Amino acid sequence: MIETFLSYLNQNSTITAMVNIGSMVLFFIGLFGLLTHRHILRIFISISIMEIAIFLFFIGSTFNKAFTAPIVEEGYTNIAVMNDPIPHALILTAIVIGMAVFALGVSFAIEYHKLTSRTDINEMNEMGES
Amino acid sequence: MSSIYFIAFPLLFGFATPLLGKLGKNGIAYVSTLMQVALFVLALSLLFSTNWHVEVISIAPPLGISFVLNKASLFFVTLFTLMMMLFSFYYLGLRKTDPYANEGKFFILINMLLAAAIGLVLSSDIFNIYVFFEIAGVSAYILSAYKKTPKALEAGLKYLITGMMASVFLLLAITMIYIHLGSLNLAVLSQTFSTLPYNLKVLISLFLLIGFGFKVEIFPLNFWVTDVYEGSSSLVNALFSSIVVKSYLFVFFHILYLFMPASDFSTFLIYLGAVSMLVAEIVALKQTNLKRVFAYSSLGQIGFIFAVMASENVYALTAAFFIILAHSVAKMMVFLSITSIQREHKSVEIATLKELNSPFITLMMILAMLSLLGIPLLAGFVGKFLALKDFAVSGEFVILGVIVIASLIESIYYFKIAGNLFSKGEKREKLRLTLIQKAVFITLALLLLLVGTAPFFFSGFINDAAKVMLDSSIYINTLMGVIK
């Protein structure tokens, strides 16, 4: 019973489906957080969750369990059965960029809090029609 | 190899800044300006050289990076380097009396912005576009929060949150494109994009529209723009309005023309642009802050350019290029004038213009506003006339009506500003400008007059640029010729 269940889980299609559905759920958790929370740091965290969902979706849907890691070394030189390395490279770049923008945003929020002691984005109304 | 210089030099400058600081207090400022002059001269020499052809630089094809410098991208590269050069000259004049704190960082940021804007225009790889999108974004966020006052930080935060949302949707679109088409190269994608099922095409183009829509400031997604313009310093607004938005506009329509030429989607975009223009102009009427008024005016003009570019024919695109040129020059003049006024009066309300005592600045603002309105003999007229003519020829009378009404509304608040400029009342002391600042203003004004009175000097090149940008087969051939 457990054997069949585990082998079912281990199928390529199951993994892809789980990753796709899971990343979609994660994306909507992030979107929900973005729409319901007003604290500036929570908003940054929500957007980061949405980004992570996309990273997961990209890696998961280009991953094939039957293929090997995309590293060429002794005994592993058959490029045809290797996973596509491009998504990994792209997502690494995207993670770094996302992290940098997140850090920049948090630093802005800290500076803003020091000056005005506000954290709620609904209260951010220095500007606008007077 | 010249197209790589446009990106490499400004980026290298950032890394070399610690060394340049040893040259003395003015070292960084002068080297940065010198480099921008060199880039402009390089762009100009390419513009005038007779045996120039399309340049493609590829690193390890077919997966590597490639940059394409054709006539359309050269137009934008020349415009950006010219604007940035004049901006730097103006700042050189300004810093003698009132420099920015921690000036070295400011020069790094504006050069990063220049590199990213040019990179967006040149790169022909959709992931590279994402990277330059983020570099331009990050330097723009820091520039808008540069002064670290509550207003500036709030502007930076608003800009950053919307920018993060935009990059999420752009990344989602790129992800779906790569999963279904297996490539990131624009030439390959433009050949294979039509093989996708209809629903997927709609989904991807929707994500692309949301991703770029935040950045090109189109109607439902432009709620943040005026706050950012008001919070950040008016010096930086000149860059946002004349360089950053223009590069995003180019990339969006470049991708649109390559992926979905002549589709139903473009009709939707024309209406979106027209609505964007009308809404922005109506809201601008009741503003009392100069920066906000011109932010809304920028939104209106961007909506107009958006509608014209979405028409997807050579005449409309020629008109759009003229409008982009005129709008960049005029907005640079307006925001630099506002910077000078703000230094003197410490206020940017329209009513403070009554106290302005500077015939020179008054003349410059009037010239820029007349050009934005599209008065004959100034640059704005050429583009507006060609665009309206094209809408009339293609029978889009609803759009034509909307644009004419929006321009009428625009003229109301420009005349309000002009009335304040000319009103008699107590004047302050005479506003002083350095010689170099006057030279910058006069160059910009002469450019407006030259484009307005002699558009035939420019129309040949701009027409060629429009043809190259619209015809995806030329682009594919140049890029694939290198890849294979």
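That block above? That's the structure.
Conventions we followed
Along each chain, numbering runs from 1 in the same order as the chain's sequence is written. All chains are assigned letters beginning with A, and all ligands numbers beginning with 1, in the order in which they are written. With the structure being a predicted model, the display of local features is reserved for residues of pLDDT at least 70 and the display and counting of side-chain atom pairs for 80 or more, all residues being used for whole-chain, interface and lining totals. Note: side-chain values were computed over all heavy atoms of the structure, leaving out hydrogens and water. Strands here are runs of E lasting at least two residues and helices are runs of H or I lasting at least four, both read from the DSSP assignment and numbered beginning at the N terminus. Both definitions apply: the radius of gyration is a C-alpha atom measure, and the globule rule equals 2.2 Å times residues to the power 0.38. Summary of the burial criterion: residues with accessible area below 20% of their type's maximum are buried, those above 50% are exposed, and those between are partly exposed, where the area comes from a 1.4 Å probe applied to protein chains only. For every accessible area listed, the method is Shrake-Rupley and the probe measures 1.4 Å; residues are considered covered only by the protein chains on display. A contact between two residues is defined here by any heavy atoms of the two lying within 4.5 Å. For the purpose of charge, His is not counted, nor are the chain termini; Lys and Arg are scored as positive and Asp and Glu as negative. By convention, the point assigned to a charge is CZ for Arg, NZ for Lys, CD for Glu and CG for Asp. Multiply 1.5 Å by the residue count of a helix minus one, and that product is the helix's expected span. By the criterion applied in these results, polar contacts are pairs of N or O atoms within 3.5 Å in which, for protein atoms, one can donate a hydrogen and the other can accept it, and in which residues neighboring in sequence qualify only through two side-chain atoms. When two parts are brought into contact, each loses some accessible area as probed by a 1.4 Å sphere; the total of that loss over both is the buried area. Put simply, a salt bridge is a Lys or Arg side-chain nitrogen that is within 4 Å of an Asp or Glu carboxyl oxygen. Each residue receives one of three labels: charged for Asp, Glu, Lys and Arg, nonpolar for Ala, Val, Leu, Ile, Met, Phe, Trp, Tyr, Cys and Pro, and polar for the others, Gly being one of them. We define the nonpolar core as a collection of buried residues of types Ala, Val, Leu, Ile, Met, Phe, Trp, Tyr and Cys that are connected through side-chain atoms lying within 4.5 Å of one another. A patch consists of residues exposed above 30% relative accessible area that lack any salt bridge, with like charges linked at up to 9 Å and nonpolar side chains (Val, Leu, Ile, Met, Phe, Trp, Tyr) linked at up to 5 Å. Between 30 and 60 degrees the pair is tilted, below 30 it is stacked and above 60 it is edge-to-face, where a pair is any two Phe, Tyr or Trp rings, Trp via its six-membered ring, whose centres lie within 6.5 Å. Distance and angle both matter: a charge sits over a ring if NZ of Lys or CZ of Arg is within 6 Å of the ring centre and within 35 degrees of the ring normal.

**Student:** Explain the overall build of chain A to me, please; I cannot follow it from the model alone.
**Tutor:** For chain A, the helix and strand inventory stands at 4 helices and 0 strands. When the helices and strands of chain A are placed in sequence order, the string is α-α-α-α. Here the C-alpha atoms of chain A give a radius of gyration of 21 Å, more than 25% beyond the 14 Å that 2.2 N^0.38 yields for 130 residues. Taken along its principal axes, the extent of the C-alpha atoms in chain A is 70 × 40 × 25 Å. Within the span of chain A, comprising 130 residues, buried residues form 29% of the whole. Here chain A displays about 7900 Å² of accessible surface, and carbon together with sulfur accounts for 68% of that area.

**Student:** Sorry, what's going on with the overall build of chain B here?
**Tutor:** For chain B, the count of helices and strands is 19 helices and 2 strands. Here the C-alpha radius of gyration of chain B, 21 Å, is about what a compact globule of 484 residues would show, namely 23 Å. When its C-alpha atoms are laid out on the principal axes, chain B stretches across 70 × 60 × 45 Å. The buried share among the 484 residues of chain B stands at 64%. Of all intrachain contacts in chain B linking residues separated by at least 6 positions in sequence, the fraction that spans at least 24 positions is 80%. Here chain B contributes 31 positively and 22 negatively charged side chains, and the mean placements of these two sets differ by 8 Å.

**Student:** What should I look at first to understand helix 12 (residues 290–309) of chain B in this one?
**Tutor:** Residues lying three or four places apart along an α-helix face the same way, a consequence of the helix completing one turn every 3.6 residues. Residues and elements named next belong to chain B. When the terminal C-alpha atoms of helix 12 are compared, their 28 Å separation across 20 residues agrees well with the 28 Å that a helix rising 1.5 Å per residue should span. Of all 20 residues that make up helix 12, 20 are buried, and the element is covered over most of its length. Two to three positions downstream of the cap, the backbone nitrogen of Lys-291 sits 2.9 Å from a side-chain oxygen, assigning the N-cap of helix 12 to Asn-289.

**Student:** Explanation requested: the side chain of B:Ser234 in the structure shown.
**Tutor:** By the secondary structure assignment, B:Ser234 is in helix 10 (residues 234–259). If near-sequence neighbours (up to four positions away) are discounted, B:Ser234 is found in contact with B:Lys291, B:Phe335, B:Ile338, B:Thr339 and B:Gln342.

**Student:** Explain the interface of chain A and chain B to me, please; I cannot follow it from the model alone.
**Tutor:** Quite often, the size of an interface is put as the accessible area lost when its parts meet. Every contact between the two is made by 39 residues of chain A and, on the other side, 40 residues of chain B. Summed over both partners, the interface of chain A with chain B comes to about 3500 Å²; 82% of that surface belongs to carbon and sulfur atoms. Applying the counting rule to chain A against chain B returns 0 salt bridges. The tally of links from chain A across to chain B stands at 2 residue pairs in polar contact (both at pLDDT 80 or more). Broken down by secondary-structure element, the contributors of at least two residues to the side of chain A that touches chain B are helix 2 (12–36), helix 3 (40–61) and helix 4 (86–116) of chain A. For the side of chain A that touches chain B, the residue count by class is 25 nonpolar, 9 polar and 5 charged.

**Student:** Any chance you could explain the pattern of salt bridges here in plain terms?
**Tutor:** Two side chains that carry opposite charge are able to pair once their charged atoms sit near each other. All names here are of chain B. For the structure shown, the criterion picks out 7 salt bridges over all chains. The partner of Lys-158 in a salt bridge is Glu-154, and the shortest N-O contact between them spans 3.2 Å. In this pair, Lys-158 and Glu-154 are both assigned in helix 6 (residues 150–181), 4 residues apart and thus about one turn of the helix distant. Given the relative accessible area of 0%, Glu-154 is considered buried.

**Student:** When you look at the nonpolar core in this model, what are you seeing that I'm missing?
**Tutor:** Among soluble globular proteins, nonpolar side chains are generally buried collectively. Membership of the largest hydrophobic core comes to 225 residues, with the highest contact counts inside it found for B:Phe106, B:Phe253, B:Phe259, B:Phe294 and B:Met309. Ignoring anything within four residues of it in the chain, the contact list for B:Phe106 reads B:Phe87, B:Tyr91, B:Tyr100, B:Leu143, B:Tyr146, B:Leu235 and B:Val236.

**Student:** Explain a nonpolar patch on the surface to me, please; I cannot follow it from the model alone.
**Tutor:** Residues and elements named next belong to chain A. A grouping of Met-1, Ile-2, Phe-5, Leu-6, Tyr-8, Leu-9 and Met-18 is seen on the molecular surface, where their side chains present a nonpolar patch of about 820 Å² in accessible area. In terms of residue count, the dominant contributor to the nonpolar patch is helix 1 (residues 2–9) (5 residues). Within the fold, Leu-9 resides in helix 1. Leu-9 sits in the partly exposed class, given a relative accessible area of 30%.

**Student:** Even after reading the chapter, I still don't get the environment of B:Asp390, so can you show me in this structure?
**Tutor:** Residues and elements named next belong to chain B. Locating Asp-390 in the fold gives a position in helix 15 (residues 379–393). Counting along the chain gives 236 residues from Asp-390 to Glu-154, while the straight-line C-alpha distance between them is 42 Å. Other than its neighbours up to four places away in sequence, Asp-390 contacts Ser-311, Asn-313, Tyr-315 and Ala-316.

**Student:** Would you explain unusual backbone geometry in this entry?
**Tutor:** The backbone of A:Ser117 shows a phi angle near 50°, a positive value even though the residue is not glycine. Structurally, A:Ser117 is set in the segment after helix 4. Of note, the phi angle at B:Lys346 is positive, near 60°, even though the residue is not glycine. Within the secondary structure, B:Lys346 sits in the loop between helix 13 (314–345) and helix 14 (359–373). Overall, the relative accessible area of 66% leaves B:Lys346 in the exposed class.

**Student:** I tried to follow the side chain of B:Lys384 on my own but got confused; where do I start?
**Tutor:** Residues and elements named next belong to chain B. Secondary-structure assignment places Lys-384 in helix 15. The class for Lys-384 is buried, based on a relative accessible area of 7%. Look past the residues within four positions of Lys-384 in its chain and what remains in contact with it is Phe-304, Ile-323, Leu-372, Leu-373, Gly-374, Ser-407 and Glu-410.

**Student:** Which parts of the structure should I look at to understand the packing of aromatic side chains?
**Tutor:** Given two aromatic rings, one states the distance between the centres and the angle between the planes to describe the pair. All names here are of chain B. If you walk through the whole model with that rule in mind, you get 39 aromatic pairs over all chains. Centre to centre, the rings of Phe-214 and Phe-223 are 6.4 Å apart; their planes meet at 85°, and the pair counts as edge-to-face. Using a relative accessible area of 8% as the deciding quantity, one classes Phe-214 as buried. In this structure Phe-223 comes out as exposed when scored by relative accessible area, which is 54%. An aromatic cluster of at least three residues, connected via ring pairs, comprises Tyr-141, Tyr-159, Trp-224, Tyr-229, Phe-240, Phe-294, Phe-335, Tyr-413 and Tyr-414. Positioned above the aromatic ring of Phe-133, the side-chain terminus of Lys-215 is 5.4 Å from the ring centre. Residue placement shows Lys-438 over the ring face of Phe-360; its charged tip is 5.6 Å from the ring centre.

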